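If you want the building blocks of each chain, they are given just below.
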Amino acid sequence: MHLTALCRVASGLGLIVTGIILSWQDLQTRYVSASTLCTFTLFSLFNVILLPEATWTQIFAGAATTGLFMMIASMISRYISGREMIGNGDVWFAFATGLAAQGTENAIDMLVTAFLLAFLPAVITVVRHLCRRYLKDSATADKDQPMKRSLREICQFEIPFFPFLTLSLFIIRIKTVLI
């Protein structure tokens, strides 16, 4: 019994450390290393293995839900912006954090929290872009389709999502421990 608890603590610390490393990489370079992402996923799987088998179905359903949601969001963002804004790393990380969230309800709560956390920086980015566009010389702007052009330009700005997903995972995990 004590060994299982010690292993859960170790895998939890591994999740924290690798989640912070992945978030830092995403913030700095917009590229995350596959080895660190794989390590995070292994810590998530190890954490699942230590839980009772009765909960595994819900845990894998939560992981599938988060992964599929991010895959659909990736397709939609690619269609809107004309380029890849949510990459395979984001989808894989969502799947791995869905495993670590330990259940479908927690995984959905985690995604909602991540998007809420990312909402304010996204609004600030859009407002900054619109202010810059407004201040530019109107002679260089495309007068035929200003709204469509502006929407495409706004969609070109990427906001790193790993930090928000990591933070929301930590919030959900703390919430489940305290409750």
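Residues numbered from 1 in each chain as written. Predicted model: local features only at pLDDT ≥ 70, side-chain atom pairs only at ≥ 80, totals over all residues. Heavy atoms only, no water.

Student: Honestly, the overall build of the chain in this entry has me stumped. Any pointers?
Tutor: A count of helices and strands for the chain gives seven helices and zero strands. Beginning at the N terminus, the succession of helices and strands in the chain can be written as α-α-α-α-α-α-α. The burial tally for the chain puts 37% of its 179 residues in the buried class. A separation of at least 24 residues holds for 78% of the contacts in the chain among residues at least 6 apart in sequence. Accessible surface, the chain as shown: approximately 10900 Å² in total, 72% of it carbon and sulfur. (Helix = DSSP H or I, 4+ residues; strand = E, 2+ residues; numbered from the N terminus. Buried < 20%, exposed > 50% of the residue type's maximum accessible area, 1.4 Å probe, protein only. Contact = heavy atoms within 4.5 Å. Areas by Shrake-Rupley, 256 points an atom, 1.4 Å probe, with all protein chains shown as cover.)

Student: Would you explain a nonpolar patch on the surface in this entry?
Tutor: A surface patch of nonpolar side chains, amounting to about 520 Å² of accessible area, comprises Val9, Leu13, Ile16, Val17, Ile20 and Ile21. In this structure, Ile21 sits in helix α1 (residues 2–29). With a relative accessible area of 37%, Ile21 lands in the partly exposed category. (Patch = residues over 30% accessible without salt bridge, like charges linked within 9 Å, V, L, I, M, F, W, Y side chains within 5 Å. Salt bridge = Lys/Arg side-chain N within 4 Å of Asp/Glu carboxyl O.)

Student: Even after reading the chapter, I still don't get the packing of helix α4 (residues 88–101) against helix α7 (residues 162–178), so can you show me in this structure?
Tutor: The geometry of a pair of packed helices is captured by two quantities: the angle between their axes and the separation between those axes. Contact geometry of α4 with α7 gives a least axis separation of 10 Å together with a crossing angle of 5°. Here α4 is positioned roughly parallel relative to α7, judged by the angle of their axes. Contacts from Gly89, Asp90, Phe93, Ala94, Thr97, Ala100 and Ala101 in α4 reach Phe162, Leu165, Thr166, Leu169 and Arg173 in α7. Looking at the contact of α4 with α7 residue by residue, the class counts come to seven nonpolar, three polar and two charged. (Axes fitted to C-alpha atoms, helices over the stretch in contact; angles between N-to-C directions. Parallel < 35°, antiparallel > 145°, perpendicular 65-115°, else oblique. Nonpolar A, V, L, I, M, F, W, Y, C, P; charged D, E, K, R; others polar.)

Student: Would you mind going over the packing of aromatic side chains with me for this structure?
Tutor: Each aromatic ring pair is described using two quantities: the centre-to-centre distance and the angle formed by the ring planes. Within the structure shown, the criterion is met by five aromatic pairs. Consider the rings of Phe40 and Phe93, whose centres lie 4.9 Å apart with planes at 45°: the pair is tilted. Within this pair, whereas Phe40 is found in helix α2 (residues 34–49), its partner Phe93 is found in helix α4, the two being separated by 53 residues in sequence. Taking relative accessible area as the criterion, Phe40 reaches 0% and is therefore assigned buried. Judged by centre distance (4.9 Å) and plane angle (40°), the ring pair of Phe115 and Phe161 falls under tilted. With Phe115 in helix α5 (residues 104–135) and Phe161 in the loop between α6 (146–155) and α7, this pair connects stretches of sequence that are 46 residues apart. A relative accessible area of 34% means that Phe115 is categorised as partly exposed. (Phe/Tyr/Trp six-rings, centres within 6.5 Å; stacked < 30°, edge-to-face > 60°.)

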